[in-house]
Amino acid sequence: MADDTIIVSADGSHTLESSRFGVTYHSRHGAILESLTVFLSAGFHHRRLNGATSLKVLEMGLGTGLNALLTLVESDRFKTSVWYTAIEKFPISAADADRLNYLSELSIQSYKTSFHKIHDLSHSDNYTSLSDYFRFRKWIIDIQEIPSTESYDIIYYDAFAPNAQEELWTPSMMQRMYDCLSPSGVLVTYCAKGSFKRALKAAGFKLDPLPGPPGKREMTRAVKL
Ligand SMILES: C[S@@+](CC[C@H](N)C(=O)[O-])C[C@H]1O[C@@H](n2cnc3c(N)ncnc32)[C@H](O)[C@@H]1O
């Protein structure tokens, strides 16, 4: 993030403006609100409430680590085992992550060491336990090179928007994501663009359009049949 700028979003939580892509990592209407609505409620809690007690999560775009942090907190709260794989091509440093205000905004100072570790860990195929329920590993790769040797129950698809990264929202990318999911697996994302939804359908997904977070009428949950 060296050149990324910290911005305070409308719910008081920080986001970053990417100097590389010229866009923010989260909605300016509220970073924490967006993460809770799109990834936690529509993804993690949706699967948990459908009976899952153990979940393999793949995140496309670790970024600030907010989605990972919230999933760690919620897996502890609901005693749900999570195996979390975060993909990130351009990781921010742990020192830069320490400047973000998520721990104070969420009143979870007890997670300070874990949040630092999420950013401090190197690329590894092995998971590191960050709590009794949450195991984490990071792959510093381009999402376009993800191996399709493992399958996941949930994909948090949090790439920058199609106008900034068109190549990550194509039919062939969505086919790769479909191949990475286990049966009944879900991909959740803030994006609800028409061409993207057509790409998901072409890959074989069934779409659950859902109301989006503040500032966004719709978001997408795509289910592997
Ligand atoms: C919208 S931000 C992710 C926000 C993040 N989930 C969070 O909670 O802060 C998109 C992320 O994808 C990363 N990224 C961009 N292109 C990538 C690629 N081709 N492969 C892997 N990561 C990529 C960016 O560096 C950025 O961190």
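Parameters and conventions
- Residues numbered from 1 in each chain as written.
- Predicted model: local features only at pLDDT ≥ 70, side-chain atom pairs only at ≥ 80, totals over all residues.
- Heavy atoms only, no water.
- Buried < 20%, exposed > 50% of the residue type's maximum accessible area, 1.4 Å probe, protein only.
- Helix = DSSP H or I, 4+ residues; strand = E, 2+ residues; numbered from the N terminus.
- Core = buried A, V, L, I, M, F, W, Y, C linked by side-chain atoms within 4.5 Å.
- Contact = heavy atoms within 4.5 Å.
- Expected span 1.5 Å × (residues − 1).
- Salt bridge = Lys/Arg side-chain N within 4 Å of Asp/Glu carboxyl O.
- Pairing = 2+ DSSP bridges.
- Near = heavy atom within 4 Å.
- Polar contact = N/O pair within 3.5 Å; in protein donor to acceptor, adjacent residues only side chain to side chain.
- Areas by Shrake-Rupley, 256 points an atom, 1.4 Å probe, with all protein chains shown as cover.
- Nonpolar A, V, L, I, M, F, W, Y, C, P; charged D, E, K, R; others polar.
- Phe/Tyr/Trp six-rings, centres within 6.5 Å; stacked < 30°, edge-to-face > 60°.

Participant: Describe unusual backbone geometry, listing the residues and the values that go with them.
Facilitator: The phi dihedral of K79 falls on the positive side, at around 50°, and the residue is not glycine. K79 sits in the exposed class, given a relative accessible area of 57%. Backbone geometry at S107 places phi at a positive 55°, although glycine is not the residue there. Tracing the chain through its elements places S107 in the loop between helix 4 (102-105) and helix 5 (112-120).

Participant: Account for the nonpolar core, naming residues and giving values.
Facilitator: Grouped together as the largest cluster of nonpolar side chains are 70 residues, with contacts concentrated most on Y157, M174 and L187. The leading source of residues in this core is helix 1 (residues 31-49), at seven residues. Once residues within four sequence positions are removed from consideration, Y157 is found in contact with F39, M60, L168, W169, M173, M174, M177, L187, V188 and T189.

Participant: Lay out helix 2 (residues 66-77) with the relevant residues and their values.
Facilitator: Taking 1.5 Å of rise per residue, the twelve residues of helix 2 would be expected to cover 16 Å, and the 17 Å separating its terminal C-alpha atoms lies within 8% of that figure. The buried fraction of helix 2 amounts to eleven of the twelve residues, a majority that puts the element mostly inside the structure. Burial in helix 2 covers these residues: L66, N67, A68, L69, L70, T71, L72, V73, E74, S75 and D76. The positive-phi residue at the C-terminal boundary of helix 2 is K79, with phi of around 50°.

Participant: Outline the pattern of salt bridges, listing residues and values.
Facilitator: Tallied over the full model, the rule gives nine salt bridges. Ionic pairing is found between D142 and K89, a salt bridge with its closest N-O pair at 2.9 Å. Taken together, the positions of D142 in the loop between strand 6 (134-139) and strand 7 (152-157) and K89 in the loop between strand 4 (81-87) and helix 3 (94-97) put the pair 53 residues apart, joining distant regions of the chain. Given the relative accessible area of 43%, K89 is considered partly exposed. The salt bridge involving R221 is made with D208; its shortest N-O contact spans 3.1 Å.

Participant: Which residues make up the sheet that holds strand 8 (residues 181-189), and what values do they have?
Facilitator: The eight strands are arranged 5-6-4-3-7-8-10-9 in an open sheet whose pairing can be described as mixed. Looking along the sheet, the strands with just one partner apiece sit at the ends: strand 5 (128-129) and strand 9 (205-211). Bridge count between strand 8 and strand 10 (residues 218-224): four bridges; the pairing is antiparallel. Its bridge partner lying in strand 10, T189 is registered against T220.

Participant: Which residues make up the site of the ligand, and what values go with them?
Facilitator: Residues in contact with the ligand amount to 22 residues; listed here are only the nearest, G61, T64, E88, D158 and Q165. Taking D142, its side chain carries an N or O atom lying 3.1 Å from a nitrogen atom of the ligand. One of the backbone nitrogen or oxygen atoms of I143 is found 2.9 Å away from a nitrogen atom of the ligand. Across the complex, the protein chains shield 98% of the 610 Å² of accessible surface that the ligand would expose by itself. Of the residues assigned to the shell around the ligand, the class counts are ten nonpolar, seven polar and five charged.

Participant: Describe the packing of aromatic side chains, with residues and values.
Facilitator: For the structure on display, the rule yields 14 aromatic pairs. Centre to centre, the rings of F39 and Y156 are 5.4 Å apart; their planes meet at 55°, and the pair counts as tilted. In this pair, F39 sits in helix 1 while Y156 sits in strand 7, placing the two residues 117 residues apart along the sequence. One exposure class covers both F39 and Y156, and it is buried.

Shape is all these values report; function is a separate question.
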